[in-house]
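# Fold and geometry: a report
Residues per chain, in single letters:
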Amino acid sequence: MADIKNITPKAKWHSIVRIEKAYTDLGLMYYLVDENYNFISLIKEYLNMIQARSEREVSPNTVKSYCYQLWYFVVFLKIKGLEILDLDGKPYRLAEFKLWLKNPYRFYENIELLNYDTELDYLEDSLSISTINGIISRVSSLYLWLKASNRIKENPVIYQSVMVSQSMRDKDMLTHTRHSRTIQVNALKSKVPKTIPKTVKEKDFKKFLNNVNLLRDKIILLCLKEGGFRSNELLGIHLEDIDFAEQGVWVRFRPDNTNGSRAKAGYGRDRFVHLPVDLMTLIDRYISSEWINSNSDNDFLFIVVNSNTLSDNGNAMTKSTLDSMFKYYSKKTQIKIHPHMLRHTHATELAREYISKGEQINWEYISKRLGHSSVTTTIETYAHLKPEDYKKEYQRLQEYKKQKKKG
């Protein structure tokens, strides 16, 4: 039986295929490099193409996520002894890649020799269907570009025609311009089971909040829950975006934030988010205490404070710092919370508030507050009502019918 300690770990592949950042004419970019720090050239060209041809600049964090998705593919090719162009006209190779992604032991050699009775938690590295679909979409996009640029003769990605459903039409803002009843879909992608993203119970949020030490971190939690911000929107807030007179914060698109944060909407689609008065008071107190004491040389609202590494104090807070903060307090409180969960919670609480008041839910308002371009996205993804919410709404409608009959 093979010794588990001798099995090649995932960490080995992170040393062979790395994600590195570089400052280029396109701004801050991320690329894949090999163990000798040589660029994986086709991936580099592909990422440059995406950035150069985009109507609005793709954020560095988005490019980094593309690198993570393509990292799996490059590792798979190395394990199989293949190059990117070797898949020209060979769809079965992509089928093998999908099966490899679905295998939680994909990074270990001699899989058939594993002792499945020991340390399964240590070995397991499962990917969700959504994550696998995202990786397949990115690899498919790579091969579409390779085909369009005449690097390959035949695209290994297979597409099939399916009938357009009503839900597809609802999500397509340009559906009135399309006459075809079918659409081409990637045959490799799996159907994602419909799940309701988790929200945070009020008592759990209060316990989590009470265990937070820094005023900055308390404000971050409250902003995410009371404002429904995306992480990158929150990290991209500058002092000039705060309007104490109007009691809120502007979310503005900036392509050159030094911490890589970027609002999703793009140029000309700034939005104003009103916040509770007591939260605005906390923001004012934070600026005049922790923020001032950090001697920051920038005007980001959320910066590094009270760091043991003095040189870090005053630097703009990054996504990795934010994630580390949530992981720390999640472990401390045994309550797992992440930033996007608070965004879900905010949308859901807004919808429930309308029901509790006996009013029709104003989905358009909630959608605009969250910065969505489609109300359908808000309804299907972000508002998660419980059975008791529907019961309350039904009872309200019944009461309304009774009152109408009496009138």
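Residues numbered from 1 in each chain as written. Predicted model: local features only at pLDDT ≥ 70, side-chain atom pairs only at ≥ 80, totals over all residues. Heavy atoms only, no water.

This part covers the environment of D25. The residue D25 is located in the loop between strand 1 (18-24) and strand 2 (27-33) in this model. Separated by 27 residues in sequence, D25 and A52 have C-alpha atoms that sit 9.9 Å apart. (Helix = DSSP H or I, 4+ residues; strand = E, 2+ residues; numbered from the N terminus.)

So, about the packing of helix 9 (residues 215-227) against helix 11 (residues 277-293). Two elements in contact, helix 9 and helix 11, have axes separated by 10 Å at closest approach and are oriented at 150°. The pairing of helix 9 with helix 11 is recorded here as roughly antiparallel in orientation. Our pair here, helix 9 against helix 11, has a crossing hand that is left-handed. Here L215, R216, I219, L222, C223 and E226 of helix 9 lie close against helix 11, whose contacting residues are L279, L282, I283, R285, Y286, S289 and E290. A per-class count over the contact of helix 9 with helix 11 returns eight nonpolar, one polar and four charged. (Axes fitted to C-alpha atoms, helices over the stretch in contact; angles between N-to-C directions. Parallel < 35°, antiparallel > 145°, perpendicular 65-115°, else oblique. Left-handed = near helix turned anticlockwise from the far one by under 90°. Contact = heavy atoms within 4.5 Å. Nonpolar A, V, L, I, M, F, W, Y, C, P; charged D, E, K, R; others polar.)

For the rest of this paragraph, the subject is the confidence of the model for the protein. Across the protein, the average pLDDT comes to 85, with 84% of residues at 70 or higher. Across residues 112-124, confidence stays below pLDDT 50; counting only partners more than four residues off in sequence or on other chains, it has 20 contacts. (pLDDT = per-residue confidence, 0-100.)

Moving on, we come to the nonpolar core. Counting 50 residues, the largest nonpolar core has L47 and F73 as the members making the most contacts within it. Contributing elements (two or more residues each) for this core: helix 1 (10-16), strand 2, helix 2 (41-53), helix 3 (60-80), helix 4 (91-102) and helix 6 (129-148). Per element, the largest residue contribution to this core is 11 residues, and it comes from helix 3. Non-local contacts of L47, meaning those with residues more than four positions away in its chain, are made with M29, Y30, Y31, V63, Y66, C67 and L70. Counting 46 residues, the second largest nonpolar core, distinct from the first, contains F229, L235, I303 and M341. (Core = buried A, V, L, I, M, F, W, Y, C linked by side-chain atoms within 4.5 Å. Buried < 20%, exposed > 50% of the residue type's maximum accessible area, 1.4 Å probe, protein only.)

On to the pattern of salt bridges. Counted under the stated rule, the structure contains 15 salt bridges. A salt bridge links D217 to R216; the nearest nitrogen and oxygen atoms lie 2.8 Å apart. Neither D217 nor R216 differs from the other in exposure class; each is buried. Linking R271 and E233 is a salt bridge whose minimum nitrogen-to-oxygen distance equals 2.9 Å. In this pair, R271 is assigned in strand 7 (residues 271-274) and E233 in helix 10 (residues 231-235), connecting sequence segments 38 residues apart. Look at R271 and you get buried, because its relative accessible area is 10%. One network of salt bridges, in which partners are shared, links E240, D241, R252, R254 and D270. (Salt bridge = Lys/Arg side-chain N within 4 Å of Asp/Glu carboxyl O.)

Turning next to the packing of helix 13 (residues 339-356) against helix 14 (residues 363-370). Where helix 13 contacts helix 14, the axes come no closer than 11 Å and their chain directions differ by 160°. Viewed along their axes, helix 13 and helix 14 adopt a mutual orientation that is roughly antiparallel. Where helix 13 crosses over helix 14, the handedness of that crossing is right-handed. Together, R343, H346, A347, L350, A351 and Y354 of helix 13 and W363, Y365, I366, R369 and L370 of helix 14 make up the contact between the two elements. Looking at side-chain class alone, the contact of helix 13 with helix 14 contains eight nonpolar, one polar and two charged residues.

Let us now look at helix 14. What helix 14 keeps buried is the set W363, I366, S367, R369 and L370. Down the axis of helix 14, the buried side of the element spans an arc of 165°, and every buried residue falls inside it. In the stretch just after helix 14, G371 is the one whose phi turns positive, near 80°. (Arc of directions from axis to C-beta.)

What follows covers helix 2. Here helix 2 contains 13 residues, and its C-alpha end-to-end distance of 18 Å stays within 8% of the 18 Å for a straight helix at 1.5 Å per residue. Where helix 2 is buried, its residues touch strand 2, helix 3 and helix 6. (Expected span 1.5 Å × (residues − 1).)

All right, on to the side chain of N257 then. The residue N257 is located in the loop between strand 6 (248-251) and strand 7 in this model. In terms of polar contacts, N257 uses its side chain to reach the side chain of H238, at 3.0 Å. Among residues more than four places away in sequence, those in contact with N257 are G236, H238 and F300. (Polar contact = N/O pair within 3.5 Å; in protein donor to acceptor, adjacent residues only side chain to side chain.)

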